[in-house]
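Chain by chain, the residues:
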Amino acid sequence: MRVAIIGTGYVGLTTGVCLASIGHRVACLDTDQTKIAALKNGKIPIFEPYLEDLLADSQHNLEFTSSYAEAIPGAEVVFIAVGTPPTPSGAPNLEFLSQAARSIGEHLDNDFTVVVNKSTVPIGSGNWVESLLRDACEQRSDRRGPEFAVASNPEFLREGSALHDSLYPDRIVIGADEPRALEVLYTLYRPILDQTFPAPTYLPRPETVSAIPLVSTDLASAELIKYAANAFLALKISFINEIGLLAERVGADISEVGRGIGLDSRIGPRFLNAGIGWGGSCFGKDTAALIATAGEYGLHLPIVEAARKINCRQRDRVVEKLLHELKILKGRSIGLLGLAFKPNTDDLREAPAIEIAQKLIDRGVRVKAHDPIAAERFCREHGKIGVQLCRTPYEVADACDALVLVTEWNEYRDLEWECMAKRMRNPLVLDGRHALDREKLQRAGLRYLSLC
Ligand code: UGA
């Protein structure tokens, strides 16, 4: 099938490359011409494992452009995957979405086209996009009345494992009020639903994956599924962090508690890792948007609100713990291991490291940091904060009064901790992710603390 994707961020680019890899002809459009020029040369503007490989393997089915006139006519499916960044009120900024919808409407041809919202948009956006498309069509000088339908196809991929999540998803959700749109999207996703595409060698199909469940529903339900899923994951993390606080007081081990409850198949083991809490561009933004939408209907969502509060508190707890241990923070040197909001990405949006660094600097601490991938981006985007970036974790340890593990990159698990301890002024490690081996660190002469 012929597909156009508007927006080449994480979601748009991953979707485009995956659809091309399973045999569709895909035009990826972005108004940022520098990005498009780089993509034409096979250069990916983000760090995402195997994306560059899959792009190279699928090049014959991919086209990159900044022109709607090139991308839209002839496309059977048009995905809108533009950014919807948060505004101060919590509601997402829909400017890029409305611009994209208008430009699509101006260029639709006469064949039936399904326009799909892949961006996380407020509930009701499907209808709004449809009205924008209709307005744009009516204003066309050629007076043609293209046939189209709007659908919602929320994205559940995680950064760092975006391709795996797209090719082997837990489910695909499609929402549309017009049955024809559902049929088109069913055909588009069929190779993934039936798992009939040849798996790339570097992304082998997991043995447990066979047919993928499809949830085909109405527009509003699909839109709400996305928000409810992210809110639930966020509150699962906040729940374990809240229990972690109590665990610390009663002398229980929160990792054991998480394992013990997660083995109950009704609860499930994932997203129960206690620690610094969630970061990233999604959970914060989507929980805020859900609360804002509920507010428009005169509703409160106290559980979601509490999950957000607990998440903020976890950042404060890092500072409180260090203050408790070191007594005086002013003039101390504290090292952060990891800057990205999670491992295997260079994304720094809402990264806990930024907030923690700022809080420490505000208290007169000299903050040093290392990240295997995100350091360069940090320097570009957050250089002003005044964090000293180090080339290795060992440099971070030099003359440090404490180290905080903020992002659980694999390489931090296997550091030569004796060597780290010797370099530190005060051999103290605060494990913000329950990722380090307590006994190993203690054997190496370090005092080990976890966040809860
Ligand atoms: C999240 C969702 O997991 C995806 O399903 C969704 O598609 C995406 O948002 C989105 O809406 O675009 P992502 O933000 O990439 O994906 O990353 P996650 O793996 O969900 O991690 C989010 C944050 O939670 C990270 O900071 C991570 O360190 C933290 N986390 C995760 C915990 O603190 N504890 C856990 O047990 C799991």
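Residues numbered from 1 in each chain as written. Predicted model: local features only at pLDDT ≥ 70, side-chain atom pairs only at ≥ 80, totals over all residues. Heavy atoms only, no water.

Novice: Kindly report on the sheet that holds strand β12 (residues 402-405), identifying the contributing residues and their values.
Specialist: The strand order β11-β10-β9-β12-β13-β14 describes an open sheet built from 6 strands, whose pairing is parallel. In this open sheet, the two strands that pair with only one neighbour each are β11 (388-389) and β14 (447-450). Strands in contact with helix α12 (residues 302-326) are β9 (333-337), β12, β13 (428-431) and β14; relative to β13, the strand with the most contacts, it is inclined by about 155°. (Pairing = 2+ DSSP bridges. Helix = DSSP H or I, 4+ residues; strand = E, 2+ residues; numbered from the N terminus. Contact = heavy atoms within 4.5 Å. Axes fitted to C-alpha atoms, helices over the stretch in contact; angles between N-to-C directions.)

Novice: Give me helix α13 (residues 352-362): which residues, what numbers.
Specialist: Here α13 has its buried residues at Pro352, Ala353, Ile354, Ile356, Ala357 and Leu360. Contact partners of the buried residues in α13: α12, β9, β10 (366-370) and α14 (375-382). A positive backbone phi angle near 85° is found at Gly364, which sits one or two residues after α13. (Buried < 20%, exposed > 50% of the residue type's maximum accessible area, 1.4 Å probe, protein only.)

Novice: Report on the nonpolar core, specifying residues and quantitative values.
Specialist: The biggest cluster of nonpolar side chains holds 54 residues, and the ones touching the most others in it are Leu322, Ile334, Leu336, Leu360, Leu403 and Trp417. Discounting chain neighbours no more than four positions away, the residues touching Trp417 are Leu337, Leu403, Tyr412, Val429, Leu436, Lys440, Leu441, Ala444 and Leu446. Counting residues in hydrophobic clusters, the runner-up holds 45 residues, among them Leu62, Val77, Leu188 and Tyr189. (Core = buried A, V, L, I, M, F, W, Y, C linked by side-chain atoms within 4.5 Å.)

Novice: Lay out the site of the ligand in plain terms, naming residues and giving numbers.
Specialist: Among the 21 residues in the neighbourhood of the ligand, the closest are listed as Phe156, Leu157, Glu159, Lys226 and Asn230. Between an oxygen atom of the ligand and a main-chain N or O atom of Glu159, the distance comes to 2.8 Å. One nitrogen or oxygen atom from the side chain of Lys226 is found 2.6 Å from an oxygen atom belonging to the ligand. Bound to the protein, the ligand loses 92% of the 710 Å² it would expose on its own. Breaking the shell around the ligand down by element, the ones donating at least two residues are α9 (219-250) and α11 (283-296). For the shell around the ligand, the leading source of residues is α9, giving 4 residues. (Near = heavy atom within 4 Å. Polar contact = N/O pair within 3.5 Å; in protein donor to acceptor, adjacent residues only side chain to side chain. Areas by Shrake-Rupley, 256 points an atom, 1.4 Å probe, with all protein chains shown as cover.)

Novice: Break down the pattern of salt bridges for me, with residues and values.
Specialist: The full count for this structure, using the stated rule, is 23 salt bridges. Between Lys35 and Asp30 there is a salt bridge whose closest N-O contact spans 3.7 Å. By relative accessible area, Lys35 is classed as partly exposed at 22%. With a closest N to O distance of 3.6 Å, Arg433 and Glu408 form a salt bridge. Here Arg433, found in the loop between β13 and α18 (438-443), pairs with Glu408, found in the loop between β12 and α16 (410-413); they are 25 residues apart in sequence, far enough to count as distant. For Glu408, a relative accessible area of 22% translates into the label partly exposed. One salt-bridge network, in which partners are shared between bridges, spans Glu147, Glu178 and Arg180. (Salt bridge = Lys/Arg side-chain N within 4 Å of Asp/Glu carboxyl O.)

Novice: Any details on the pairing of strand β8 (residues 214-217)? Residues and values, ideally.
Specialist: Sheet analysis places strand β7 (residues 172-176) next to β8, joined by 4 bridges and oriented parallel. When the bridges of β8 are listed, Gly175 appears paired with Thr217. As for the winding sense of the linkage, the β-α-β connection from β7 through helix α8 (residues 179-193) to β8 is right-handed. (Right-handed = clockwise from strand over helix to strand, strands pointing away.)

Novice: I'd love a proper account of the packing of aromatic side chains, names of residues and values included.
Specialist: By the definition in use, this model includes 4 aromatic pairs. Between Trp278 and Phe283, the ring centres sit 6.2 Å apart and the planes meet at 80°, which makes this aromatic pair edge-to-face. For the pair formed by Trp278 and Phe283, the shared burial category is buried. Counting every residue linked through ring pairs, the aromatic cluster contains Phe271, Trp278 and Phe283. For the cation-ring pair, Arg180 lies above Phe112, with the distance from its terminal atom to the ring centre recorded as 3.9 Å. Sitting above the plane of the Phe197 ring, Arg205 keeps its charged end 4.7 Å from the centroid. (Phe/Tyr/Trp six-rings, centres within 6.5 Å; stacked < 30°, edge-to-face > 60°. Lys NZ or Arg CZ within 6 Å of the ring centre and 35° of its normal.)

Novice: Kindly report on the sheet that holds strand β1 (residues 2-6), identifying the contributing residues and their values.
Specialist: Taken together, 8 strands build an open sheet; the order of strands is β3-β2-β1-β4-β5-β6-β7-β8 and the sheet is mixed. With partners counted over all chains shown, the strands left at the sheet margins are β3 (62-65) and β8, one partner each. Pairs of neighbouring strands in the sheet enclose a mean axial angle of 20°, with direction left out of account. In this sheet, strand β6 (residues 148-152) lies alongside strand β5 (residues 113-117) in parallel orientation, the contact comprising 5 bridges. Considered in β6, the bridge of Val116 is made with Ala151. Docked against the sheet, helix α1 (residues 10-21) engages β1, β2 (25-29), β3 and β4 (77-80), running at close to 165° with respect to β1.

Novice: So what's going on with the domain arrangement of the protein chain? Which residues, and what values?
Specialist: When cut into domains, the protein chain gives domain 1 (2-217), domain 2 (226-308) and domain 3 (313-450). The straight-line distance from the C-alpha centre of domain 1 to that of domain 3 is 38 Å. Between domain 1 and domain 3, the residue contacts involve 7 residues of the former and 9 residues of the latter. A buried area of about 630 Å², summed over both sides, lies between domain 1 and domain 3, and 47% of it is on carbon and sulfur atoms. Where domain 1 packs against domain 3, one counts 1 salt bridge. In this structure, the connection of domain 1 to domain 3 is made through 4 residue pairs in polar contact (both at pLDDT 80 or more). Considered class by class, the residues forming the side of domain 1 that touches domain 3 number 4 nonpolar, 1 polar and 2 charged. (Domains from an automatic or database assignment. Buried area = accessible area lost by both parts, 1.4 Å probe. Nonpolar A, V, L, I, M, F, W, Y, C, P; charged D, E, K, R; others polar.)

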